[in-house]
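Examining the three-dimensional arrangement
Residues per chain are reported as follows:
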Amino acid sequence: MQLIYNFIEGSCTRHAVLEKIANLTNTKLKTLKSISTTRWACRSEAISAVKENYSSILAAIEEIIDNTKQSDVRAKGKGILHHMKTFEFVFAMLMLDPILSSILKTSVFLQSPNINLLTAVEIVESLKKLLVSVRNTEDDFTDIYHKTIQMCKNYDIEIPQLKKRKVSTKIDCLSSTQHYMSSKEEEMKVSVYYSTLDHMISGINIRFNQETMNMIQSIGNLLVLNINSNDISVLSTAFDLNSDMLKTEINLLKHTDNIPKGEKNKCGDWINWLTQSNCGRETIFCNVIKALKTFMIIPVTSCACERSFSKLSIVKTKLRSTMTQDSLSKNLLII
């Protein structure tokens, strides 16, 4: 994907050829995107753009190869064209497009400035369940594989035959344990489809470790006053609370009238109720309010900090090199 972007967008002339082909075929051209090593949005948008403009890109590269006088451009174009007209490229493109679209939706939602940790956990768990469901459902893979076959036939792309690869005797010397794929479909399912989804699911599990998830789920149980001894232990360790006093305060809250409705995304309502003036609840339920206040200030992501550093180069330029720290801080707050 990055090679396609560099080849087309690296020259105004080559980009003009792509636009000309799109106008001649009366197709809406979707802007090609560069693949970023840190932003999932760019990966999803890059694959989606190549998928939508696939026929136009092929025609544009073929025209560039025929008309260019530069040997290096012709060689790069032939290499990219050969790679795009492979069964593996088409399969990977059709497989990753819906998966990365789901990840993109989740990523955008997690970067929302008003999101809290409880909502973030719910959306991450939903994404994980979706990926597991896609991996374990035969219909999803079959649909992608059949679309790949059909697309290859439409563009005269050769569908490779299955090759039986024998494992070296240095790795496995027993012939009885040798396994051969029965079809190309099975080979793509095991070696590409399952492998990719397993890697994504494993990455999510590593990124959102179980200790953090347990802490967030314990806070959710605290808000509905449906908490057990394990939740109390987790909260006491995470927020440095007295476990016995925390348990006592929760028991008191269960028998208190006019408590807030225990919705999992309403930490603010609980804090407002506990800190009402002239009620003394802040003193009585000091462990509960400490846990909720500490939980509320934990950022879901570091996006806000990263955005500040991105804007720093705009605020403090070479022409403003003498700006004091106080002025710089105030200008960044405005942004």
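Above this text you will find the structure in question.
The sections below set out a description of the structure shown in this document. (Residues numbered from 1 in each chain as written. Predicted model: local features only at pLDDT ≥ 70, side-chain atom pairs only at ≥ 80, totals over all residues. Heavy atoms only, no water.)

So, the side chain of Ser48
- Looking at where Ser48 falls in the secondary structure, it is placed in helix H3 (residues 40-52).
- For Ser48, a relative accessible area of 13% gives the class buried.
- Beyond its immediate sequence surroundings of up to four residues, Ser48 is in contact with Lys30 and Asp97. (Helix = DSSP H or I, 4+ residues; strand = E, 2+ residues; numbered from the N terminus. Buried < 20%, exposed > 50% of the residue type's maximum accessible area, 1.4 Å probe, protein only. Contact = heavy atoms within 4.5 Å.)

Observations concerning unusual backbone geometry
- The residue Asn26 is not glycine, and still its phi comes out positive at about 60 degrees.
- Mapped onto the elements, Asn26 comes out in the loop between helix H2 (12-24) and H3.
- In this structure, Leu225 is a non-glycine residue whose phi angle is positive, near 55 degrees.
- The residue Leu225 is located in the loop between helix H10 (210-223) and helix H11 (229-239) in this model.
- Taking relative accessible area as the criterion, Leu225 reaches 12% and is therefore assigned buried.

A look at the packing of aromatic side chains
- Enumeration over the complete set of coordinates arrives at seven aromatic pairs.
- Look at Phe87 and Tyr145: their rings are 5.9 Å apart centre to centre, the planes differ by 70 degrees, and that puts the pair in the edge-to-face class. Taken as a pair, Phe87 in helix H6 (residues 87-110) and Tyr145 in helix H8 (residues 138-154) lie far apart in primary sequence, 58 residues in all. Accessibility classification places Phe87 together with Tyr145 in one group, the buried group.
- Arranged with centres 6.1 Å apart and planes meeting at 50 degrees, the rings of Tyr193 and Tyr194 form a pair that is tilted. Accessibility classification places Tyr193 together with Tyr194 in one group, the buried group.
- By way of ring pairs, the aromatic residues Phe87, Phe91, Phe141, Tyr145, Tyr193 and Tyr194 are connected into one cluster.
- Directly above the ring of Phe7 sits Arg14, whose terminal nitrogen or CZ lies 4.9 Å from the centroid.
- Over the aromatic face of Tyr194 sits the side chain of Arg135, whose NZ or CZ is 4.2 Å from the ring centroid. (Phe/Tyr/Trp six-rings, centres within 6.5 Å; stacked < 30°, edge-to-face > 60°. Lys NZ or Arg CZ within 6 Å of the ring centre and 35° of its normal.)

Let's talk about helix H9 (residues 184-207)
- Between its first and last C-alpha, H9 extends 33 Å over 24 residues, near the 34 Å set by a 1.5 Å rise per residue.
- In H9, a bend of some 30 degrees at Val190 exceeds every other bend along the element.
- All of the buried residues along H9 are Lys184, Glu187, Met188, Lys189, Tyr193, Tyr194, Leu197, Met200, Ile201 and Ile204.
- Check the buried side of H9 and you find it contacts H6, helix H7 (117-136) and H8. (Expected span 1.5 Å × (residues − 1). Bend = angle between axes of the 7 residues up to and from the residue.)

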